[in-house]
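Next come the chains, spelled out residue by residue.
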Amino acid sequence: MTYQNNFKRYEKKYLIDEKQYRDLIALIYCKLEYDRYKKYKICNIYFDTPQFDLIRESIEKPLYKEKLRLRSYGTPDPEDFVFLEIKKKFDGIVYKRRISLPYLQAVDYCINGNQPETHNQITNEIDWLMSKYQLYPMLYLSYDRLAMRGIEDPQLRITFDSNIIWRVNQLDMTKGDFGNVKMPSGQYIMEIKTNGAMPLWLSGVLNELAIYPKSFSKYGTIYKEELFQNMLLEEGGFCCVE
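A. Up close: empty space enclosed by the protein. Taken as a whole, this structure holds 2 cavities of 30 Å³ or more when the rule is applied. In this structure, the largest cavity encloses a volume near 150 Å³. Lining the largest cavity are 16 residues, and of these K13, R69, K87, Y143 and K218 lie nearest its centre. Of all the secondary structure elements, the ones that give two or more residues to the lining of the largest cavity are β1 (6-17), β3 (64-73), β6 (136-150), β9 (187-194) and α6 (218-231). Approximately 70 Å³ is the volume found for the second largest cavity. Lining the second largest cavity, in full, are Y46, F47, D48, L54, I55, S58, K65, E66, K67, L68 and Y219. Listed by contribution, the elements that provide at least two residues to the lining of the second largest cavity are β2 (32-48), α2 (53-58) and β3. If you tally residues by element for the lining of the second largest cavity, the top one is β3, at 4 residues. Across the lining of the second largest cavity, the residue classes tally to 6 nonpolar, 1 polar and 4 charged.

B. Representation of the layout of surface pockets within the structure. As a volume, the largest pocket reaches approximately 850 Å³. Contributing elements (two or more residues each) for the lining of the largest pocket: β1, β3, β4 (81-90), β9 and α6. Its residues assigned to classes, the lining of the largest pocket comprises 9 nonpolar, 8 polar and 14 charged.

C. Expanded view of unusual backbone geometry. Backbone geometry places K38, a non-glycine residue, at a positive phi of 55°. Looking at the secondary structure, you find K38 in strand β2. Even without being glycine, F52 reaches a positive phi, approximately 60°. Structurally, F52 can be placed in the loop between β2 and α2.

D. The arrangement of the side chain of R145 in detail. Take R145: it is sitting in strand β6. Its relative accessible area of 6% is what places R145 among the buried residues. Here D161 takes part through its side chain, which lies 2.8 Å from a polar atom of the side chain of R145. Ignoring anything within four residues of it in the chain, the contact list for R145 reads K38, K39, Y40, I42, R71, T159, F160, D161, E191 and K193.

E. Structural view of the confidence of the model for the chain. On average, the chain scores 90 in pLDDT, and the residues at 70 or more come to 93%. The lowest-confidence element of the chain is α6, averaging 84 in pLDDT; the highest-confidence one is helix α5 (residues 200-208), averaging 97. Below a pLDDT of 50 lies the segment residues 235-242, which in the model reaches 19 contacts outside its immediate sequence neighbourhood of four places, other chains included.

F. Examining the packing of helix α1 (residues 18-28) against α5 more closely. Between α1 and α5, the shortest axis-to-axis distance is 11 Å and the interhelical angle comes to 150°. Considered as vectors, α1 and α5 are oriented roughly antiparallel to each other. In terms of crossing hand, the pair formed by α1 and α5 is right-handed. For the pair α1 and α5, contact is made by L24, L27 and I28 and by W201, L202, V205, L206 and E208, respectively.

G. Here's a closer look at the packing of aromatic side chains. Applying the stated rule across the entire model yields 7 aromatic pairs. Relative to Y223, the ring of F52 lies with its centre 5.6 Å away and its plane at 45°, an arrangement referred to as tilted. Separated by 171 residues along the polypeptide, F52 in the loop between β2 and α2 and Y223 in helix α6 bring together distant segments of the chain. Accessibility assignment for this pair places F52 and Y223 in one class, buried.

H. Spotlight on α1. If you check which residues of α1 are buried, you get Q20, Y21, L24, I25 and I28. Down the axis of α1, the buried side of the element spans an arc of 130°, and every buried residue falls inside it. What points out from α1, more than 90 degrees from its buried face, is the exposed set K19, R22 and A26. In this structure, the buried residues of α1 make contact with β1, β2, β6, β7 (157-167), β9 and α5. The backbone nitrogen of K19 has a side-chain oxygen 3.2 Å away, supplied by the residue at the start of α1, namely D17.

Conventions used here
- Residues numbered from 1 in each chain as written.
- Predicted model: local features only at pLDDT ≥ 70, side-chain atom pairs only at ≥ 80, totals over all residues.
- Heavy atoms only, no water.
- 1 Å grid on protein atoms, 1.4 Å probe; cavity = no way out; pocket = protein on both sides within 12 Å on 5 of 7 lines; lining within 4 Å.
- Points joined across faces, edges and corners; volume = space filled by probe spheres on them.
- Helix = DSSP H or I, 4+ residues; strand = E, 2+ residues; numbered from the N terminus.
- Nonpolar A, V, L, I, M, F, W, Y, C, P; charged D, E, K, R; others polar.
- Buried < 20%, exposed > 50% of the residue type's maximum accessible area, 1.4 Å probe, protein only.
- Polar contact = N/O pair within 3.5 Å; in protein donor to acceptor, adjacent residues only side chain to side chain.
- Contact = heavy atoms within 4.5 Å.
- pLDDT = per-residue confidence, 0-100.
- Axes fitted to C-alpha atoms, helices over the stretch in contact; angles between N-to-C directions.
- Parallel < 35°, antiparallel > 145°, perpendicular 65-115°, else oblique.
- Left-handed = near helix turned anticlockwise from the far one by under 90°.
- Phe/Tyr/Trp six-rings, centres within 6.5 Å; stacked < 30°, edge-to-face > 60°.
- Arc of directions from axis to C-beta.

Following this line, the structure appears as structure tokens:
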């Protein structure tokens, strides 16, 4: 796969059901096409403080927020390349910067602080973020993604995420995709990604199907509905590093 390592774009999320999904695909099919890989699994390890300070701040919807995660496309083998990425949002614009490393090197960098051979501005930003917050791996989160892009405007992307799985132990991506199910079948998190304004034809389709934006953070929802109660069991929170 060929991947872009720097992004700047607008992103809007929607929570839709099976009927809305099927109706939408039928109406946009002439304007969009499946991307090269169509459907794939995305696996993530989210880094945070033992008290989940980053996600707690994020769900307060500040003007600026940031997160650090390790991401793979499918379950990686130890030598497979994965992405270590910073995702920031400021004033409605999403910025993403990432580096690619073999999985074991990425873990060694994040956990043990051993620098990768290639050092650049992005690794400097990762170093600063890790040092500022004293981050640890805190959550495994995966989902299936169906991706489409505009035929006339390839910068327009629409993704549909489903089958969310999460766990807070065995935070080793090579162990496979297992854990707690968060999203029931028949629901999708749709995300529209653009470099500017949404096309008028797409706005019209969304209005026709009564599909409206809904803020939805996968990590934030799991924290609020699952992890927060666990934190109350132990003073000062808990750490899931193994």
